[in-house]
Amino acid sequence: MKKIISLAIMVFFTMMSFAQTSLTPTDAGSKVHFVIKNFGINTGGDLSDLKGVIKYDRNKPLTLSIDVTVNVNTIDTDNERRDKHLKSDDYFDAEKFPLIRLLSTKIETTTSTGNLLFTGMLTIKDVTKNIQFPFTITPKDGGYLFMGNFTIDRQVYGVGGNSATMGDNVDISISVFAK
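All values derive from a computational prediction rather than experimental measurement.

### A short note on the nonpolar core
Okay, so step 1: Counting 42 residues, the largest nonpolar core has Ile 54, Leu 64, Phe 92, Leu 122, Phe 135, Phe 146 and Ile 152 as its most contacted members.
Okay, so step 2: When residues of this core are traced back to their parent elements, those giving at least two are strand E2 (25-38), strand E3 (41-56), strand E4 (65-76), strand E5 (99-109), strand E6 (116-124), strand E7 (127-140), strand E8 (143-153) and strand E9 (166-178).
Okay, so step 3: Ranked by residues supplied to this core, first place goes to E9 with six residues.
Okay, so step 4: Those residues in contact with Phe 135 that sit more than four places away from it in its chain are Leu 64, Ile 107, Gly 114, Asn 115, Leu 116, Leu 117, Phe 118, Phe 146, Met 147 and Gly 148.

Spelled out as structure tokens, the structure:
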């Protein structure tokens, strides 16, 4: 009986591995972009060095699983002095918390054609919060492009303190190419 149960479990996991393809996010073709108001002007930047695994079965998109990180030390706002300040313990504390992580917990359909709804966890520094946003999946160059936009409150994640000149809301757009 133990052999039959073991065999059934092995067959189940083997079938699951064929159903979903493990994809690796790449910097080429990907972009993680943020925009925040600073002195009333939209100021933006990018992050790179994407790592992680995306498991995806195009025939069963609701089984999608995402676990990706981006490296805070790659922050680029086209201003070296500002980038250095953003990496400091006043903001991201990149030395202590070098990665920002996005982990899915649930994928659902939406009423908008072509969109799915991401539900998961966003970890910045030592703070993890639930997050939800619509996104799309597009086949591209032998892989897939995952695209979505969301807004977070930077203070909830302990990034920067109170500021009369800097906004709290950060608009984030992700475009992750995985193959």
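Now that the structure has been shown, we can carry on.
### A short note on unusual backbone geometry
Working note: non-glycine residues mostly have negative phi, and peptide bonds are mostly trans.
Okay, so step 1: Of note in this structure, Phe 39 is not a glycine but carries a positive phi near 55°.
Okay, so step 2: Checked against the element boundaries, Phe 39 lands in the loop between E2 and E3.
Okay, so step 3: Here Phe 39 falls in the exposed class, since its relative accessible area comes to 62%.
Okay, so step 4: Positive phi, close to 60°, is recorded for Lys 125, a residue that is not glycine.
Okay, so step 5: Within the element layout of this structure, Lys 125 appears in the loop between E6 and E7.

### Focus: the packing of aromatic side chains
Two measures describe an aromatic ring pair: the distance that separates the ring centres and the angle between the ring planes.
Okay, so step 1: Summed over the entire model, instances satisfying the criterion amount to four aromatic pairs.
Okay, so step 2: Ring plane angle 75° and centroid distance 4.8 Å describe the contact between Tyr 56 and Tyr 144, whose orientation is recorded as edge-to-face. Residue Tyr 56 is located in strand E3, and its partner Tyr 144 is located in strand E8; the two are separated by 88 residues in the primary sequence. Grouping residues by exposure puts Tyr 56 and Tyr 144 together as buried.
Okay, so step 3: Ring geometry for Tyr 56 against Phe 146: centres 5.9 Å apart, planes inclined by 85°, an arrangement best described as edge-to-face. Within this pair, whereas Tyr 56 is found in strand E3, its partner Phe 146 is found in strand E8, the two being separated by 90 residues in sequence.
Okay, so step 4: Here Tyr 56 falls in the buried class, since its relative accessible area comes to 8%.
Okay, so step 5: On the accessibility criterion, Phe 146 (5% relative accessible area) is buried.
Okay, so step 6: Here the aromatic residues Tyr 56, Tyr 144 and Phe 146 are joined through ring pairs into a cluster of three or more.

About the thresholds
- Residues numbered from 1 in each chain as written.
- Predicted model: local features only at pLDDT ≥ 70, side-chain atom pairs only at ≥ 80, totals over all residues.
- Heavy atoms only, no water.
- Core = buried A, V, L, I, M, F, W, Y, C linked by side-chain atoms within 4.5 Å.
- Buried < 20%, exposed > 50% of the residue type's maximum accessible area, 1.4 Å probe, protein only.
- Helix = DSSP H or I, 4+ residues; strand = E, 2+ residues; numbered from the N terminus.
- Contact = heavy atoms within 4.5 Å.
- Phe/Tyr/Trp six-rings, centres within 6.5 Å; stacked < 30°, edge-to-face > 60°.

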